Amino acid sequence: MTIRDILHYPDPRLRRRAEPVAVVDDDVRRLIADMFETMYAAPGIGLAATQVNVTQRVIVIDVSEHADTPRAFVNPEILELGGEIERGQEGCLSVPDVYEEVDRHTWARVRAVDPADGQAIEFEAEGLLAICIQHEIDHLDGKLFIDYLSELKRNRIRKRIEKEQRQAQADHYESLPAL
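Just so it is clear, the model here is predicted, and its values are computed rather than measured.

Definitions and cut-offs
- Residues take numbers from 1 onward in each chain, read along the sequence in its written order.
- A pLDDT threshold of at least 70 governs which residues receive local features in this predicted model, and a stricter bar of 80 or more applies before side-chain atom pairs are shown or counted, although totals over entire chains, interfaces and linings include all residues.
- To obtain the side-chain values, all non-hydrogen atoms of the structure were used and water was disregarded.
- Only DSSP runs of H or I reaching four residues or more are called helices, and only runs of E reaching two or more are called strands; each is numbered from the N terminus.
- By this rule, a helix spans an expected 1.5 Å times one less than how many residues it contains.
- A 1.4 Å probe rolled over the protein chains alone gives each residue an accessible area, and that area as a share of the maximum for its type sets the label: buried under 20%, exposed over 50%, partly exposed in between.
- Any two residues whose heavy atoms approach within 4.5 Å are treated as being in contact.
- Using a 1 Å grid laid over the protein atoms alone, points where a 1.4 Å probe fits but cannot get out form a cavity; open sets with protein on both sides within 12 Å along at least 5 of 7 lines form a pocket; any residue with an atom within 4 Å of a point counts as lining.
- Grid points are joined across faces, edges and corners, and a volume is the space filled by probe spheres set on the points.
- Only Asp, Glu, Lys and Arg are considered charged in this grouping, and only Ala, Val, Leu, Ile, Met, Phe, Trp, Tyr, Cys and Pro are considered nonpolar; every other residue, Gly among them, is considered polar.
- What counts as a ring pair is set by centres within 6.5 Å for rings of Phe, Tyr and Trp (its six-membered ring), and what kind of pair is set by the plane angle: stacked under 30 degrees, edge-to-face over 60, tilted for all other angles.

Participant: Any chance you could explain helix 2 (residues 127-140) here in plain terms?
Facilitator: Every α-helix carries 3.6 residues per turn, so stepping three or four residues along brings you back to the same face. Helix length check: helix 2 (14 residues) gives 21 Å between terminal C-alpha atoms against 20 Å at 1.5 Å per residue, within 8%. Among the 14 residues in helix 2, 12 count as buried, and that is most of the element. Of the residues making up helix 2, those classed as buried are Leu-129, Ala-130, Ile-131, Cys-132, Ile-133, Gln-134, His-135, Glu-136, Ile-137, Asp-138, His-139 and Leu-140. Where helix 2 is buried, its residues meet strand 1 (46-48), strand 2 (58-61), strand 3 (71-92), strand 4 (95-113) and strand 5 (120-126). At the exit of helix 2 stands Gly-142, carrying a positive phi of roughly 80°.

Participant: Before we go on, may I ask you to explain the layout of surface pockets in this structure?
Facilitator: Over the atoms, a rolling probe the size of a water molecule traces out where space has been left empty. For the largest pocket, the calculated volume is near 430 Å³. What lines the largest pocket is a set of 24 residues, and nearest its centre among them are Ile-45, Glu-90, Gly-91, Cys-92 and His-135. Only strand 3, strand 4 and helix 2 provide two or more residues apiece to the lining of the largest pocket. It is strand 4 that contributes the most residues to the lining of the largest pocket, seven residues altogether. Its residues assigned to classes, the lining of the largest pocket comprises 12 nonpolar, seven polar and five charged. Estimates place the volume of the second largest pocket at around 170 Å³. The wall of the second largest pocket is formed by 14 residues, among which Leu-81, Arg-104, Gln-134, Asp-138 and Tyr-148 lie closest to the centre.

Participant: Is there a simple way to explain the packing of aromatic side chains in this structure?
Facilitator: Centre distance and the angle of the planes are the two values used to describe a pair of aromatic rings. Enumeration according to the criterion identifies two aromatic pairs in this entry. With a centroid separation of 6.0 Å and an interplanar angle of 20°, the aromatic rings of Phe-36 and Tyr-40 are classed as stacked. With Phe-36 and Tyr-40 both in helix 1 (residues 26-41), this residue pair falls four residues apart, about one helical turn. Residue classification places Phe-36 among the buried residues on the basis of a relative accessible area of 13%. Tyr-40 sits in the partly exposed class, given a relative accessible area of 31%.

Here it is as structure tokens:
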């Protein structure tokens, strides 16, 4: 397993729409293993393939308290949303150190392919799992949680992140030895 680099906002590759996986094979399973390794190391509770620069419709999630219930879904799609609409604080591995209030449904009916056997599955998700599935499927569609915020907030976040990236780059160059 390999820890992969996570793309960070405002990287335009995060806006690409992922393509469906035609066949669940060893390459897809290897991607999933890498994604779990990357997600746990970050640490996070969900990761979409687009966040590691792979444009395939694959997500991994572990919302368990002890990070011991990994779940992977290939070609996930939300069939129905319901339950309460809950306003909760969301963050994202691709938008580090940013947490904002976002409205999400607390129940979802989902269809996906189980990577273990390549068979289609359909299930209901509630609470944090339903919210996380919505967040990760948004990534597969090129959407970020900050897209749910006002334009003013999005611009403020972008400017802050770009400033931090410039400062990190400047710090890196200052630490290089003189030639």
